[in-house]
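Structure assessment
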Amino acid sequence: MIAGTYYDGESSAQTLATMRTGADGSLQLLAVDSRHLGQCSLAEVTVSPRIGNTPRYIDLPDGGRFETTDNDAIDQWLAAFGRDSGNRFLNFLESHTKFVLASVILVALFCWWMVSYGIPGASKVVAYQLPATVLDHSSETTLALLDRSLLSESKLSDVRQQQLHDLFAPYLPSDSEYTFRVLLRDGGEIGANAFALPDGTLVFTDQMVELVDSDEELLAVLGHEIGHVVERHSLRQTLQGSTVAVIAVLVVGDASAFGDLFAALPTYIISSAYSRDFERDADSYAFEFLKANGLPPTLFADVMRKMMAKHQALLSEGIEEDELPSQDPNSDSWLDYLSSHPPSEERIRQAEQAQ
């Protein structure tokens with residue numbers, strides 16, 4: 001006999017009861033006062049799996065339920081009729097500390113792998129599946145938002161703007177799936193900056209143009225931003241923050257239905273909160289871009305030195321670090337090249353070594 005509590009399924013009343021099992025797999029429920037509560041076969045009931053030492057539930061075909069903490073007796077009863085072997089194995093695993101610890105370690109390793117490789121890898125696959133319509137829509141929406149909130153019409157003279165467009169035109173890839181173009185804007189509060197939109201639109205602020213000593217240095221910035229476009233860094237970074245959506249695209253296969261994912265794209269564009277790997281990829285692209293066009297990669301280092309010098313000048317004027325537009329040392333924003341953090345020095349060394 002197995003002691004427990006019986007519920008009739010119609011009220012919250014509890015009845016102390018015992019369950020008697022027969023050699024043919026039948027079971028009979030009796031109250032402690034010997035009243036008959038029910039009878040059926042093993043095939044007609046549902047037995048909950050064993051989880052540690054928590055109570056087990058046997059759901060009866062008439063809606064009643066028998067609850068017991070005598071897990072060993074239930075296991076023996078089920079085993080006698082070839083039932084529940086899988087649950088017994090799971091209970092064996094969870095009952096041994098070494099297996100529990102191994103499971104915790106495996107879960108931790110899996111989470112680390114997903115964050116470090118799984119999600120970035122899946123995001124890359126999805127980013128390259130996105131059709132041109134998604135790239136165009138996300139870029140148009142982002143640029144419109146930035147023009148309303150942070151950017152304004154360029155204050156450079158018409159002559160200077162035309163000089164810059166003439167400068168950039170020969171260096172914009174023409175044999176590409178993207179339609180590259182350069183726009184000039186007054187950066188206002190964001191200051192000296194340049195950023196790339198997913199469709200190939202490259203935006204330079206007046207302050208960036210005014211910061212450099214030569215137009216060739218702007219070509220180093222141009223190569224870096226083109227690198228972000230062809231590697232789809234802004235899309236991949238946004239997707240990495242949308243894990244569920246990435247999985248949905250991989251499973252469903254309809255990437256065109258996920259244009260709304262990029263509502264956060266303006267934030268990534270302005271802060272350029274790319275991973276260090278993305279930054280290095282764009283840097284490497286810029287170095288090769290400059291060399292392919294007969295220009296020294298040291299131009300890239302020269303721009304960063306100017307940004308760092310500007311940063312120090314702002315600090316000397318009494319502007320606090322947290323008052324500067326952006327200070328994330330892991331960011332790729334050209335504003336962050338103002339910082340004296342090690343990543344900037346590292347990029348300068350890489351540019352000098354890329355001759």
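Scope of this entry: the structure provided in the associated data block. (Residues numbered from 1 in each chain as written. Predicted model: local features only at pLDDT ≥ 70, side-chain atom pairs only at ≥ 80, totals over all residues. Heavy atoms only, no water.)

1. So, helix 1 (residues 71–80)
Because each turn of an α-helix spans 3.6 residues, side chains separated by three or four positions end up pointing in the same direction. Along helix 1, the residues that are buried comprise Asn 71, Ala 73, Ile 74, Asp 75, Trp 77 and Leu 78. Positive backbone phi, approximately 70°, marks Gly 82, located one or two places after helix 1. (Buried < 20%, exposed > 50% of the residue type's maximum accessible area, 1.4 Å probe, protein only. Helix = DSSP H or I, 4+ residues; strand = E, 2+ residues; numbered from the N terminus.)

2. Brief notes about the packing of helix 8 (residues 233–240) against helix 11 (residues 276–292)
Where helix 8 meets helix 11, the axes come as close as 11 Å, and the angle between the chain directions of the two elements is 175°. Viewed along their axes, helix 8 and helix 11 adopt a mutual orientation that is roughly antiparallel. Contact with helix 8, carried on its side by His 233, Arg 236, Gln 237 and Gln 240, involves Phe 278, Asp 281 and Ala 282 of helix 11 and no other residues of that element. Of the residues that constitute the contact of helix 8 with helix 11, the class distribution is two nonpolar, three polar and two charged. (Axes fitted to C-alpha atoms, helices over the stretch in contact; angles between N-to-C directions. Parallel < 35°, antiparallel > 145°, perpendicular 65-115°, else oblique. Contact = heavy atoms within 4.5 Å. Nonpolar A, V, L, I, M, F, W, Y, C, P; charged D, E, K, R; others polar.)

3. Description of the nonpolar core
Ranked by internal contacts, the top residues of the largest apolar core, which has 47 residues, are Leu 164, Phe 168, Leu 202, Phe 204, Leu 218, Leu 222 and Phe 300. In contact with Leu 164, not counting residues within four places along its chain, are Leu 156, Leu 184, Val 209, Asp 215 and Leu 218. Counting residues in each nonpolar core, the second largest holds 19 residues, with Ile 2, Leu 37, Cys 40 and Val 45 among its members. (Core = buried A, V, L, I, M, F, W, Y, C linked by side-chain atoms within 4.5 Å.)

4. Thoughts on the pattern of salt bridges
Under the criterion given, the structure shown has 19 salt bridges. Arg 185 is the partner of Asp 147 in a salt bridge, and the nearest nitrogen-oxygen pair spans 2.9 Å. Separated by 38 residues along the polypeptide, Asp 147 in helix 4 (residues 132–149) and Arg 185 in strand 9 (residues 181–186) bring together distant segments of the chain. Overall, Arg 185 belongs to the buried group, its relative accessible area being 17%. With its nearest N and O atoms 3.5 Å apart, the salt bridge here joins Arg 305 to Asp 302. (Salt bridge = Lys/Arg side-chain N within 4 Å of Asp/Glu carboxyl O.)

5. Overview of the sheet that holds strand 3 (residues 26–31)
Spatial strand order, 4-3-2-1-7-6-5: seven strands in an open sheet with antiparallel pairing. The sheet terminates laterally at strand 4 (36–41) and strand 5 (46–47), the two strands that pair on one side only. Here strand 6 (residues 56–59) pairs with strand 7 (residues 65–68) via four bridges, running antiparallel. Each bridged residue has a counterpart across the sheet, and for Arg 56 the counterpart in strand 7 is Thr 68. Contacting strand 1 (2–7), strand 2 (15–21), strand 3, strand 5, strand 6 and strand 7, helix 1 runs over the sheet at an angle of about 50° to strand 6. (Pairing = 2+ DSSP bridges.)

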